[in-house]
Each structure stands twice: as structure tokens, then as C-alpha cells.
Amino acid sequence: MDDLRAWQNLRENEAAWHASDGTGRGNYGTVAIEVIMDGPEGKDNAAAEANAARLAASILHRHGLGIDRLYTHNHWMGQADRIVPGARKNCPVYILPHWSRFKAAVRKQLEELDGKSPTADGTTAESKVPYVVRITAKDLNIRKGPGTNYSVVGVIKPGAYTIVSEAVGPGATMWGKLKSGVGWVSLDFCRKV
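Procedures and definitions
Residues numbered from 1 in each chain as written. Predicted model: local features only at pLDDT ≥ 70, side-chain atom pairs only at ≥ 80, totals over all residues. Heavy atoms only, no water. Helix = DSSP H or I, 4+ residues; strand = E, 2+ residues; numbered from the N terminus. Buried < 20%, exposed > 50% of the residue type's maximum accessible area, 1.4 Å probe, protein only. Contact = heavy atoms within 4.5 Å. Areas by Shrake-Rupley, 256 points an atom, 1.4 Å probe, with all protein chains shown as cover. Lys, Arg positive; Asp, Glu negative; His and termini not counted. Charge placed at Lys NZ, Arg CZ, Asp CG, Glu CD. Core = buried A, V, L, I, M, F, W, Y, C linked by side-chain atoms within 4.5 Å. Axes fitted to C-alpha atoms, helices over the stretch in contact; angles between N-to-C directions. Parallel < 35°, antiparallel > 145°, perpendicular 65-115°, else oblique. Left-handed = near helix turned anticlockwise from the far one by under 90°. Nonpolar A, V, L, I, M, F, W, Y, C, P; charged D, E, K, R; others polar. Expected span 1.5 Å × (residues − 1). Salt bridge = Lys/Arg side-chain N within 4 Å of Asp/Glu carboxyl O. Phe/Tyr/Trp six-rings, centres within 6.5 Å; stacked < 30°, edge-to-face > 60°. Lys NZ or Arg CZ within 6 Å of the ring centre and 35° of its normal. Pairing = 2+ DSSP bridges.

Engineer: Please explain the overall build of the chain as it appears in this structure.
Structural biologist: Secondary structure assignment for the chain yields three helices and seven strands. Listing the helices and strands of the chain from first to last along the sequence gives α-α-α-β-β-β-β-β-β-β. With the principal axes as the frame, the chain shows a C-alpha extent of 45 × 40 × 30 Å. The 193 residues of the chain split such that 40% are buried. Once local pairs closer than 6 in sequence are excluded, the contacts in the chain between residues at least 24 apart make up 55%. Split by element, the accessible area of the chain, about 10900 Å² in all, is 52% carbon and sulfur. Distance between charge centroids for the chain: 9 Å, based on 25 positive and 20 negative side chains.

Have a look at this one:
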């Protein structure tokens, strides 16, 4: 993908060697998008990045996946969402410095494809449609509000829970309000079921 077009090299059900995790979930369980950019100050980078956000949202939507399934290549080496000096893979190198902004752009595109409309300021998108998630973390903090800046009010164990509302917190992290009313959990550690 570049600033003008996207092309497909492999079928989506074919394993690619893009994530540096051998036969792990990155190479065998994700679709890779390579974004061609023209250096850190390239004049066509904004268009290439916008195209990448649209394509990522389209793939997530087509497979019924949420924003929690959007990963950087280096996620699979335990170095997610940041540049790590000396790492073998710092991809996408020109997007990583503002990954949360890119993720928010993908989230906005995905919400539009899902028929949701973001708020006017673009910072919070509420959804009254309940859905069930499976907590994937061993112990996940429950917060009083949607963000790590809110106090911890409890800990939730792995299992299935109903989310009744969503909100975008600081750093463009998506949060879900638990049906029990006890608080909010980061949807980065949840999977829709």
C-alpha cells in the first residue's frame, strides 16, 4: 500500500512471514499490511497512512473484529506500540511514534463501517448496544471511569462479561463499561464473542 493504491500479495488465509514470531499467532493468525512511506518527512506519507487506516478498518470489519485486533509488527516480539532501539522490527517505523493517533483513525473508520457515529470532538464514542466480551488478561483492573487516570475499583478474572457502553480514553485506548455497573475495563484485553 502507498499513497495511491493497495495491492494484495497473499490470500488472507495464507501464512505470511511478517511478524518475526516464527509459527506464532502473528505470522499465522494476522493479516499484514505493509505501508510504503517516503522517510519520516515524506510529502505523501499522510495519504499513505490514511489509506492504511481505511484498509485496516475494512479488513477488521470484514472479519467481524474490533480495534483490539489491530497490532504493530513488533507486538509479536513483546515490544508493542513503540520504537525499541536495537529491535529487529520497529514496524511501522513512521507510524509508531504516533500509533495511538493512527489507531484512533482506524477506530473511527471501523465505527463508520459498523454504522456508529463518533461524537463531535472525536474523543469519545458511546455505544448503547450491549455485547459480550471474553477477558483475555489473567487479572484486569476495573477502573471507576474510562482510563488509567481513574482509580482502580476492583479486579476482574478471565471470563465472559457484558459491555453496555464504550468510551475512548487517554491515548485513544478503548474502554468498556461493565453491565454490573462496577466500572470500566480496557478493551485492549478483551475479545468480542
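Read on, since the account is not over.
Engineer: Looking at this structure, how should I read the nonpolar core?
Structural biologist: Across soluble globular proteins, nonpolar side chains have a tendency to be buried as a group. Counting 28 residues, the largest nonpolar core has L70, F102, V106 and V185 as its most contacted members. Looking at this core, the elements with two or more residues in it are helix 2 (45-62), helix 3 (99-113), strand 1 (131-135), strand 2 (140-143), strand 4 (159-168) and strand 5 (174-178). When residues in this core are grouped by element, the largest group, six residues, is from helix 2.

Engineer: Looking at this structure, how should I read the packing of helix 2 against helix 3?
Structural biologist: Angle between the axes and distance between the axes: these two values describe a pair of packed helices. Contact geometry for helix 2 and helix 3: axes closest at 8 Å, N-to-C directions at 50°. Taken as axis vectors, helix 2 and helix 3 run oblique relative to one another. Crossing geometry of helix 2 relative to helix 3 is assigned as right-handed. Listed contacts from helix 3 to E49, A52, A53, R54, A56, A57, S58, L60 and H61 of helix 2 are F102, A105, V106, Q109, L110 and L113. Across the contact of helix 2 with helix 3, the residue classes tally to ten nonpolar, three polar and two charged.

Engineer: Looking at this structure, I do not really get helix 2. What am I missing?
Structural biologist: An α-helical turn contains 3.6 residues, so any two residues separated by three or four positions project in the same direction. If you check helix 2, its first and last C-alpha atoms are 25 Å apart, about what 18 residues at 1.5 Å a residue would give, namely 26 Å. Listed in full, the buried residues belonging to helix 2 are N45, A48, E49, N51, A52, A53, A56, A57, I59 and L60. The positive-phi residue at the C-terminal boundary of helix 2 is G64, with phi of around 70°.

Engineer: Would you mind going over the pattern of salt bridges with me for this structure?
Structural biologist: Between side chains of opposite charge, a pair can form as their charged atoms come close. Under the definition given, this model contains four salt bridges. The closest approach of N and O atoms between E14 and R11, which form a salt bridge, is 3.7 Å. With relative accessibility at 32%, the residue E14 sits in the partly exposed group. D44 is the salt-bridge partner of K43, the closest N and O atoms lying 3.7 Å from each other. Residue D44 is classed as partly exposed on the basis of its relative accessible area of 30%.

Engineer: I'm lost on the packing of aromatic side chains in this one. Help?
Structural biologist: To describe a pair of aromatic rings, one takes the distance between the centres and the angle between the planes. On inspection of all chains with the given rule, the structure shows three aromatic pairs. It is K192 that lies over the ring of Y131; its NZ or CZ is 4.3 Å from the centre.

Engineer: Looking at this model, I keep getting lost on the pairing of strand 4. Mind explaining?
Structural biologist: Along any regular strand, the residues point their side chains to alternate faces of the sheet. With five bridges connecting them, strand 1 and strand 4 associate as antiparallel partners. By the bridge assignment for strand 4, V133 is matched with Y161. Pairing between strand 4 and strand 5: five bridges, direction antiparallel. Along strand 5, the bridge assignment pairs S165 with K177.

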